[in-house]
Amino acid sequence: MSERLEPPIRYNNNDNNSEGKRKQKNKRSYSSEDKIIKSEKTFMSLRKSDVFVTGGFDVPFFALTITLLAIGLVMLFSASYPTSYFKYGNSYHYFIRQLIFGIIGVTVLLFISKINYKWFKVLVPVLLAITLFLLVTVLFYHTNVATEGGEKFKRYMKIPGTGLTFQPSDIAKFTLVVTLASYMSKNARRLRNFKEGIVYPAVIIGIFCVLILLEHHVSGTILVFVIGLIMMYAGGSAEGNNRILFIISVCIVAAAIFVVIKYPDVLPDYVNRKLEAWRNKDLDPRGVRWQNNNSLYAIGSGSFLGVGLGNSKQKYLYVSEPQNDFIFSIVCEELGFIGAIVIIALFAALIIRGFIIALRTTDRFASLIVIGIIAQVGVQVALNILVVTDTIPNTGIALPFFSYGGTALLMLLFEMGVILGISRKSNQKKV
C-alpha cells in the first residue's frame, strides 16, 4: 500500500487534486506532433508522422501563388529581353535562368508543404547560427559591386562551384520570422512585461538590422525592421502596459525617419543622392533621376489599357533594371491601369488568404510564422510599387514573383511551401 493516499479526481477542495488535474490536462494537450521537440526523441525512433504531415493544403493559396509566378515569368521575359540581348547577346538569358529556378522552387514548395512545421521550432538555434554566420561572412567575402560614387555593396555571396550568387538577407528574413515566432510562442504570457515583450524582441531585430545595414543594404534593413515590428505587434508585445511604450517607440522611429529625410547628410552618399533625387524632381535628369523619370514615363504611356504585351518602348534601355526592381513600370506600360490593378488584386488576395490561414491555425507558433511571411510579401509589394511610382525614395526592393533573382525566388517559394504545410494542419473549413 502506498504511504500516501491520493484523493479521487472528483474532490475539488484539495491542492493535490489541482495538481492532478494539471497533470491530466497536460497529458491530454500533449499531442504526438509535439514528440519531435522532446530531447529523448532520437532520429532513429522518429516515425513518418513526426516528419511529414498528411491532408490537403490550402488550394486557393496555392493557386494564387502559381498564378503570380506564371504572370511574373511572362512579364520578366517581356521586360528583360532587350537588356538581356544587349548584355549577353541572348534575349532569353534572364528568362531561362528564372524559369529554371521557378521549376526548382515549385518542387521545393511541394516538398516543404509536406514537412511538419514543428521542425522549424526545433531547428531555430541551427537556423540562427547559420544565418548570423552568413551575415557576418558576406561582409568579408562578397562580390565586387559598387556605385558610381565608389560605395561598395556587400550584399551578395558566391556559391562555390556554381557561378551563382545569393543574398544572405533573403535567408535572414525567414530566420527572423521563425526566431521571433518561436520566442513569442514560448513566452506568450510574459510578453506583457517590458523586458520580455519589448527589449528582447527589439534586441533580436536590432542584431539583424545592424548586420544587414553593414552590407550597405538599406532597403533590406528597412524590410527586416518592418517585418519585426509587425511580428511584435501580432505576437502580443503591444498589449497591456507595453501598449503605450510600443506606440511611443514607433513614433520615435517615425520621427527619426522624418529627420533623416529632412537632413540626409548623416547617411551614406549613395542614399543621400537618392533622397535628394526624390525631393528634387528636376535634379540631374540624365543621372540620378534617370531611372525614376523613365519609370514614370512608362507608367504614363500605359494609360488605361496599356500598349500591349511585349510592346513597351521604355524597356529598350530607358528604364534601368527593367527586369528587376522596376519591372512593375513595364507591367503598367504594357498592361495598363487595368492590368496593374489585376496584379495588385492578386497580391492582395494572396495576403488576405495568408492571414485567413494564420487565423484558422490553432498553434500560436505556426500562426506567427504565416503572419511574418505574409507581412514580408505585403511590405515588399507595397514598397516596390511606391518606389516605382516615385512616391517614396528609391530603395531597391524587388517585386515578389516578378523581379529577376533566382535564389530570391527559390527562397520565396520555399516560404510559400511553409505556409501550405501549416495550412494542412489548420483544420480549415472547405472553401
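Residues numbered from 1 in each chain as written. Predicted model: local features only at pLDDT ≥ 70, side-chain atom pairs only at ≥ 80, totals over all residues. Heavy atoms only, no water.

Draft legend 1. Quick look at a nonpolar patch on the surface. On the surface, a nonpolar cluster with roughly 650 Å² of combined accessible area is contributed by Phe 304, Leu 305, Phe 337, Ile 338, Ile 341, Val 342 and Ile 344. Within the secondary structure, Phe 304 is located in the loop between helix 12 (290-302) and helix 13 (327-360). Phe 304 sits in the partly exposed class, given a relative accessible area of 49%. (Patch = residues over 30% accessible without salt bridge, like charges linked within 9 Å, V, L, I, M, F, W, Y side chains within 5 Å. Areas by Shrake-Rupley, 256 points an atom, 1.4 Å probe, with all protein chains shown as cover. Salt bridge = Lys/Arg side-chain N within 4 Å of Asp/Glu carboxyl O. Helix = DSSP H or I, 4+ residues; strand = E, 2+ residues; numbered from the N terminus. Buried < 20%, exposed > 50% of the residue type's maximum accessible area, 1.4 Å probe, protein only.)

Draft legend 2. Spatial organisation of unusual backbone geometry. Of note in this structure, Leu 317 is not a glycine but carries a positive phi near 65 degrees. One can find Leu 317 in the loop between helix 12 and helix 13.

Draft legend 3. Summary view of the pattern of salt bridges. For the coordinates displayed, the defined rule picks out 6 salt bridges. One salt bridge in this structure joins Asp 58 and Arg 353, with 2.7 Å as the shortest N-O distance. Placement of Asp 58 in the loop between helix 2 (48-51) and helix 3 (59-88) and of Arg 353 in helix 13 is noted, with a sequence separation of 295 residues between them. Just as Asp 58 is buried, Arg 353 falls in that class too. Across the pair Asp 390 and Lys 281 runs a salt bridge whose closest N-O atoms are separated by 3.0 Å. A residue pair is termed long-range when its members are at least 10 positions apart, and Asp 390 in the loop between helix 14 (364-388) and helix 15 (406-424) and Lys 281 in the loop between helix 11 (269-279) and helix 12 qualify at 109 residues. Residue Asp 390 is classed as buried on the basis of its relative accessible area of 9%. Residues joined in a network through salt bridges with shared partners are Lys 281, Arg 289 and Asp 390.

Draft legend 4. Geometry of helix 7 (residues 168-186). Along its 19 residues, helix 7 runs 27 Å from first to last C-alpha, staying within 8% of the 27 Å computed at 1.5 Å per residue. Of all 19 residues in helix 7, 17 are buried, a share of seventy percent or more. (Expected span 1.5 Å × (residues − 1).)

Draft legend 5. Spatial organisation of the side chain of Glu 333. With respect to the element layout, Glu 333 can be found in helix 13. It turns out Glu 333 is buried and unbridged, and the closest side chain with the opposite charge, Lys 313, is 6.2 Å from it. (Lys, Arg positive; Asp, Glu negative; His and termini not counted.)

Draft legend 6. Local environment of the packing of aromatic side chains. Applying the stated criterion to the full structure yields 16 aromatic pairs. The interplanar angle of 85 degrees and the centroid separation of 5.3 Å between the aromatic rings of Phe 174 and Phe 414 together place this pair among those described as edge-to-face. Taken as a pair, Phe 174 in helix 7 and Phe 414 in helix 15 lie far apart in primary sequence, 240 residues in all. Residue class for Phe 174 comes out buried when judged on its relative accessible area of 2%. (Phe/Tyr/Trp six-rings, centres within 6.5 Å; stacked < 30°, edge-to-face > 60°.)

Draft legend 7. Up close: the confidence of the model for the protein. Of the residues in the protein, 84% reach a pLDDT of 70 or more, and the chain-wide mean stands at 83. Ignoring residues within four places in sequence, the model shows residues 25-45, a span with pLDDT below 50, making 22 contacts including any to other chains. (pLDDT = per-residue confidence, 0-100. Contact = heavy atoms within 4.5 Å.)

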